[in-house]
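Now for the letters of each chain:
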Amino acid sequence: MRILLLGGTEFVGRAVADVALARDWEVTAFHRGRHEAPRGVATLLGDRSVEGGLAALDRGEWDVVVDTWSAAPSAVRDATRLLADRVGSYVYVSSRSVYPFPHPAGLAEDGPVVDASPDDGEVEYAQAKRGGELAALAAFGDRALLVRAGLIIGPGENIGRLPWWLGRIGRGGRVLAPGPHELALQYIDARDLATWSLDAVESGLGGPYNLVSPPGHTTMGELLETCVRVTGSDAELCWTEPETILAAGIEPWMDLPIWLPPGEDYDGMHQADVSKALAAGLRCRPVEETVADTWSWLLALGGKAPHRPDRPPVGLDPETEAKLLDPNG
């Protein structure tokens, strides 16, 4: 198989490259040259956000394209139009954000989506991803596979969610642990996303798929306790009720990554219907493997993960955490 990655040098794109290389596929990455592509990947340089930036793609044929773009949908439109007659199928890594938020628990792929256009420039994330989907569908029809990912973690994560928890727990001491302990979580390891997507291409699948683990693949308790074991720290997890955390002005998701208290936001993020993807072969590795491999990756980088410049930093500041855990301190 000949695969073209639009991106392919960071996180999800790099995970796809690694899986494709392991299958002995012929891998080409089109990117801006800001990061080095994995060894064994052919490189085409360009910038799809500027006029004439796709010139390097004027020639060439591929069996599949994988596109992780999350900015202006018009960039997806231009790429799909250019490649439609020279590519077999188009995998667009989208997001469950295309469903109006908050959305109910158990929402499947046939749920309502936000209004968007493939001709849009810079828009909000949900509209950008939906516009990208529309662009892929317009050019490729049923040859377009729409991977509607939820929370993505694993080695290479450049958003900072699991890396923040590992770093905080690795420092040890009393750690604010947001409850409930048994709160069910739903996420996808980037490597499992990559594996399923390439399997789906080989099977000729198209259309939208919610791609996250089954609800309750792990819990908040299991995730953080695994972080303690993997880092070998002396951290003491101090489980705290959501009401106490919210009353202190601490923001779910941003201050305490991954965590959302029970309610409609939680239902939308951690209770998706993924039966379609499971029936199509989705398999999710144990949380222990994701956490351990992410920790090993972090250690190899000196403990500091890369961070996408277009995303805000996440994580609770030490002063706020200390004040909540010991108000008399």
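In this text, all values refer to a predicted model and were calculated from it rather than measured experimentally.

> It is not clear to me how the overall build of the protein chain should be interpreted in this structure. Could you clarify?
Check the secondary structure of the protein chain and you find 11 helices and 13 strands. Here the C-alpha radius of gyration of the protein chain, 20 Å, is about what a compact globule of 329 residues would show, namely 20 Å. Along the first, second and third principal axes, the C-alpha set of the protein chain runs to 65 × 40 × 35 Å. The contacts in the protein chain between residues at least 6 apart in sequence include a share of 76% that link residues at least 24 apart.

> I keep staring at unusual backbone geometry and nothing clicks. Help me out?
Among all residues save glycine, negative phi is the norm, and among peptide bonds the norm is trans. For the peptide bond that leads from Phe101 to Pro102, omega is 0 degrees, which places it in the cis range. By the secondary structure assignment, Pro102 is in the loop between strand 5 (87-95) and helix 3 (125-140). Going from Gly179 to Pro180, the amide bond is cis rather than trans, its omega being 0 degrees. Within the secondary structure, Pro180 sits in the loop between strand 8 (174-178) and strand 9 (184-185). The backbone of Asp24 shows a phi angle near 65 degrees, a positive value even though the residue is not glycine. Structurally, the position occupied by Asp24 is in the loop between helix 1 (11-22) and strand 2 (26-31).

> Help me understand the packing of aromatic side chains, please; the structure alone is not making it clear to me.
Geometrically, a pair of aromatic rings is defined through the distance of the ring centres and the angle of the planes. Inspection of the entire model under this criterion finds 3 aromatic pairs. Geometrically, the ring pair formed by Trp164 and Trp165 is edge-to-face, given 4.9 Å between the ring centres and 75 degrees between the ring planes. The buried category is assigned to Trp165, whose relative accessible area is 0%. In this arrangement the basic side chain of Lys276 is found over the ring face of Tyr209, its NZ or CZ atom lying 4.3 Å from the centre.

> Whenever I open this one, the pattern of salt bridges confuses me. Can you help?
Any two side chains of opposite charge can pair, so long as their charged atoms come close to each other. Applying the stated criterion across every chain, the model contains 16 salt bridges. Salt-bridge contacts for Arg168 lead to Glu321; the nearest nitrogen and oxygen are separated by 2.9 Å. Highlighted residues: Arg168 in helix 4 (residues 161-170) and Glu321 in helix 11 (residues 318-325), separated in sequence by 153 residues. Of the residues examined, Arg168 reaches a relative accessible area of 7% and is grouped as buried. Connected via shared salt-bridge partners are Asp189, Arg191, Asp192, Arg285, Glu289 and Asp293.

> Sorry, what's going on with helix 4 here?
Structural remark: α-helix, 3.6 residues per turn; residues separated by three or four positions point the same way. With 8 of 10 residues buried, helix 4 lies mostly within the body of the structure. Those residues of helix 4 that fall on the buried side of the exposure criterion are Arg161, Leu162, Pro163, Trp164, Trp165, Leu166, Arg168 and Ile169. Tucked inside the fold, the buried residues of helix 4 contact strand 7 (152-153), strand 8, helix 6 (220-231), strand 13 (236-240), helix 10 (287-300) and helix 11. Directly beyond the C-terminal end of helix 4, a positive phi value near 80 degrees is found at Gly172.

> Where do I start with the nonpolar core in this structure?
Nonpolar side chains tend toward joint burial in soluble globular proteins. Among the nonpolar cores identified, the biggest contains 39 residues, and Trp165, Ile169, Leu176, Leu223, Leu224 and Leu256 are the most heavily contacted of them. Of all elements in the fold, only helix 4, strand 8, helix 6, strand 13, helix 8 (264-270), helix 10 and helix 11 reach the threshold of two or more residues within this core. Not counting residues up to four positions away in its chain, the partners in contact with Leu176 are Trp165, Cys238, Thr240, Ile245, Ile250, Leu256, Leu316, Glu321, Leu324 and Leu325.

> Can you walk me through the environment of Gly154 in this structure?
Considering the arrangement of structural elements, one finds Gly154 in the loop between strand 7 and helix 4. When the C-alpha atoms of Gly154 and Glu321 are compared, they prove to be 25 Å apart, with 167 residues separating the residues in sequence. When residues no more than four places from it in sequence are discounted, the contact partners of Gly154 are Phe11, Asp189, Thr290 and Thr294.

> Is there a simple way to think about the sheet that holds strand 11 (residues 207-211) in this case?
The strands making up a sheet associate through backbone hydrogen bonding, with each pair oriented either parallel or antiparallel. One open sheet holds the 7 strands; their spatial order is 3-2-1-4-5-6-11, and the pairing between them is parallel. Each having just a single partner strand, strand 3 (42-45) and strand 11 make up the two edges of the open sheet. Taken pair by pair, the neighbouring strands of this sheet meet at an average axis angle of 20 degrees, ignoring direction. As paired strands, strand 5 and strand 6 (residues 144-149) are joined by 6 bridges and run parallel to one another. In the sheet register, Val91 faces strand 6, and the bridge partner there is Leu145. In the packing of helix 2 (residues 73-83) onto the sheet, the strands contacted are strand 1 (2-6), strand 4 (62-67) and strand 5, and the crossing angle to strand 5 comes to about 165 degrees. Docked against the sheet, helix 5 (residues 190-202) engages strand 1, strand 4, strand 5, strand 6 and strand 11, running at close to 160 degrees with respect to strand 6.

> Would you mind showing me how to read the pairing of strand 4 here?
Both faces of the sheet carry side chains from a regular strand, because those side chains alternate between them. Here strand 4 lies mainly inside the structure; 5 of its 6 residues are buried. Across 4 bridges, the pairing between strand 1 and strand 4 is parallel. Its bridge partner being in strand 4, Leu5 is matched across the sheet by Val66. Sheet analysis places strand 4 next to strand 5, joined by 5 bridges and oriented parallel. Bridge assignment links Trp62 to a residue of strand 5, and that residue is Val87. The parallel pair strand 4 and strand 5 is bridged by helix 2, and the resulting crossover is right-handed.

Cut-off values and rules
Residues numbered from 1 in each chain as written. Predicted model: local features only at pLDDT ≥ 70, side-chain atom pairs only at ≥ 80, totals over all residues. Heavy atoms only, no water. Helix = DSSP H or I, 4+ residues; strand = E, 2+ residues; numbered from the N terminus. Rg over C-alpha atoms; globule rule 2.2 N^0.38 Å. Contact = heavy atoms within 4.5 Å. Phe/Tyr/Trp six-rings, centres within 6.5 Å; stacked < 30°, edge-to-face > 60°. Buried < 20%, exposed > 50% of the residue type's maximum accessible area, 1.4 Å probe, protein only. Lys NZ or Arg CZ within 6 Å of the ring centre and 35° of its normal. Salt bridge = Lys/Arg side-chain N within 4 Å of Asp/Glu carboxyl O. Core = buried A, V, L, I, M, F, W, Y, C linked by side-chain atoms within 4.5 Å. Pairing = 2+ DSSP bridges. Axes fitted to C-alpha atoms, helices over the stretch in contact; angles between N-to-C directions. Right-handed = clockwise from strand over helix to strand, strands pointing away.

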